[in-house]
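A look at the structure
What follows is each chain in one-letter form.
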Amino acid sequence: MKIQRVRGTRDFYPEDMAIQSWIADAWRRVSLRNGFLQYDGPILETMDLYRAKSGDEIVGQLFRIDSRSGEELAIRPEMTPTLARMINAKVQSLPRPIKWFGIGPFYRGERPQRGRSREFLQWNVDVVGTDDLLADAECIFVAVDLLREIGLGPEDVVVWINDRRLMAAVFGELGIPESRHLAAYALVDKADRMERAKLAAVWAESLGDVAGFEAIEPLLAVESLEALRSCDHSVMRTPTVTKWLAELESLFLVLQDFGITEFCDFKMTIVRGLAYYTGCVFEAFDRQGKLRAVLGGGRYDNLLRALGGPDLSGVGFGMGDPVVLELLRELNRLPDPHAALDVFVVAADDESASTAVRLVADLRGRGVRTDFAYRRQAVAKQFKAASARGAERCVIVGTETRERDTVTIKDMSTGAQTQRPMVAFLADPLASIPPSQNP
Ligand code: HAM
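These notes cover the structure that comes with them. (Residues numbered from 1 in each chain as written. Predicted model: local features only at pLDDT ≥ 70, side-chain atom pairs only at ≥ 80, totals over all residues. Heavy atoms only, no water.)

**Brief notes about the packing of helix 1 (residues 14-33) against helix 5 (residues 133-149)**
Contact geometry of helix 1 with helix 5 gives a least axis separation of 10 Å together with a crossing angle of 135 degrees. Judged on the interaxial angle alone, helix 5 and helix 1 are oblique. Read as a crossing pair, helix 1 and helix 5 show a hand that is right-handed. On helix 5, the residues touching Ala26, Trp27, Arg29, Val30 and Arg33 of helix 1 are Val142, Asp145, Leu146 and Glu149. Looking at the contact of helix 1 with helix 5, its residues break down into five nonpolar, no polar and four charged. (Axes fitted to C-alpha atoms, helices over the stretch in contact; angles between N-to-C directions. Helix = DSSP H or I, 4+ residues; strand = E, 2+ residues; numbered from the N terminus. Parallel < 35°, antiparallel > 145°, perpendicular 65-115°, else oblique. Left-handed = near helix turned anticlockwise from the far one by under 90°. Contact = heavy atoms within 4.5 Å. Nonpolar A, V, L, I, M, F, W, Y, C, P; charged D, E, K, R; others polar.)

**Let's talk about the sheet that holds strand 15 (residues 406-411)**
The five strands are arranged 13-12-14-15-16 in an open sheet whose pairing can be described as mixed. The sheet is open, and its two edges are formed by strand 13 (370-372) and strand 16 (417-421), each paired on a single side. Ignoring strand direction, the axes of neighbouring strands in this sheet form an average angle of 30 degrees. Alignment of strand 12 (residues 341-347) against strand 14 (residues 391-397), held across six bridges, turns out to be parallel. The partner of Leu341 across the bridge, within strand 14, is Ala391. In the packing of helix 15 (residues 379-388) onto the sheet, the strands contacted are strand 12, strand 14 and strand 15, and the crossing angle to strand 12 comes to about 165 degrees. (Pairing = 2+ DSSP bridges.)

**Description of the sheet that holds strand 9 (residues 280-286)**
If you walk across this open sheet you meet the eight strands as 1-5-6-11-10-9-7-8, and the pairing is mixed. Two strands close off the open sheet at either side, each with one partner strand: strand 1 (37-38) and strand 8 (264-266). Where strand 7 (residues 157-163) and strand 8 come together, three bridges link them in parallel fashion. Note on strand 8: the bridge partner recorded for Val159 is Cys264. Packed on one face of the sheet, helix 1 meets strand 1, strand 5 (98-107), strand 6 (119-128) and strand 11 (314-320) and runs near 5 degrees to strand 6. Sheet strands in contact with helix 6 (residues 164-174) are strand 7, strand 8 and strand 9, and its direction is about 50 degrees off that of strand 7.

**Here's the deal with the site of the ligand**
Neighbouring residues of the ligand: 27 residues in total, closest Glu78, Thr80, Glu110, Asp126 and Tyr277. In this structure, an oxygen atom belonging to the ligand sits 2.8 Å away from a side-chain N or O atom of Arg108. One of the side-chain N or O atoms of Asp126 is found 2.8 Å from a nitrogen atom in the ligand. When the ligand is considered free in solution it has 660 Å² of accessible area, and contact with the protein chains removes 97% of it. (Near = heavy atom within 4 Å. Polar contact = N/O pair within 3.5 Å; in protein donor to acceptor, adjacent residues only side chain to side chain. Areas by Shrake-Rupley, 256 points an atom, 1.4 Å probe, with all protein chains shown as cover.)

Quick look at the structure:
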């Protein structure tokens, strides 16, 4: 019986794993240099954690387990509720602002499609315990710092920014009562993925009794800070909307200080699908608009309180590995997953096999990434194996090693070879080989 892997999950063969580790290493490096501390939580949580504030969409998607003792458990679909629970449990002893990041696997029963899977790795970056909009700007900076770190520029990716308070003011001016705002966000969030006619129909069905779709439709096309400033829709001049527009302008000024405005712009349809966001919201997309969101986040004022904690606000974002890797693949900018060995030890003859093993052990003890062939093979075959393994250099042990204690070193990228006394080689095994000594 041939058993397939579960739909929407991924197998990581070594070359896939090398790429995933590369992105996770970049996440970690960028988080640490921005002053964030790493944390993690369990993969199993109670269903109630997500029922409290995440919203119907994610609760509907998550994988649920009913334990034998009758507990309703969930396999974590996102990190933010766990973060809030953990902070709540120790809130008195944590110095603020709390700047934490985490990297781990998450699971959602989404329909598997390009860049979306049922199992993915997600990086979470959050600042909790301050309302300062510097924290919102810093989170966006960290996201951009990562994008730049992995070779993506403003011509490749855009971070779209909006503010739910601005949207709430707009909804209010359009006559949508607060109790229906979540439904309105859910529809605006779908605006870029749904045909206009279909959206108009679902809007009419869900909110038609309080506001017609024609009232909001022109606003959905506002896709830049410039367009927002000059938008002549009547709601834009009202005091409540103007107030939150000014707040958004202040955020963009800080983004300017952080030097990342080329990456950032305003977009009205960015409101986010999760229910707990209350302030600034943002999502990054590829400029060509071919893929789903690369990352998404925002400010959440009430999540900690909703989970039994104090009145602490937080802001942060999550980024999965599938979309960003898909984008890098599309742009042909994925790193080469092979360069994995510093040295491949080649035994030139049968008598050198034991010397070769001793040298391998010695090099590994010095922290040099080293490998060798088990089978006794011709030198040319061993060179071939070394190339296939991405070895930077080969060290050949043979008669001259036994007789004069010297080794031949071959640079696998230039082909240059040189002979060195074993002692000199071991003193600096990764020393470069001058091209002038090409045979
Ligand atoms: P989210 O928008 O649900 O937000 O997910 C954030 C990112 O995780 C997405 O932009 C995408 O990169 C990745 N992601 C989500 N679902 C999938 C999936 N099924 N397959 C592949 N990648 C996926 C959150 O999760 C929030 N908790 C983020 C946050 C942190 N907000 C504040 N702090």
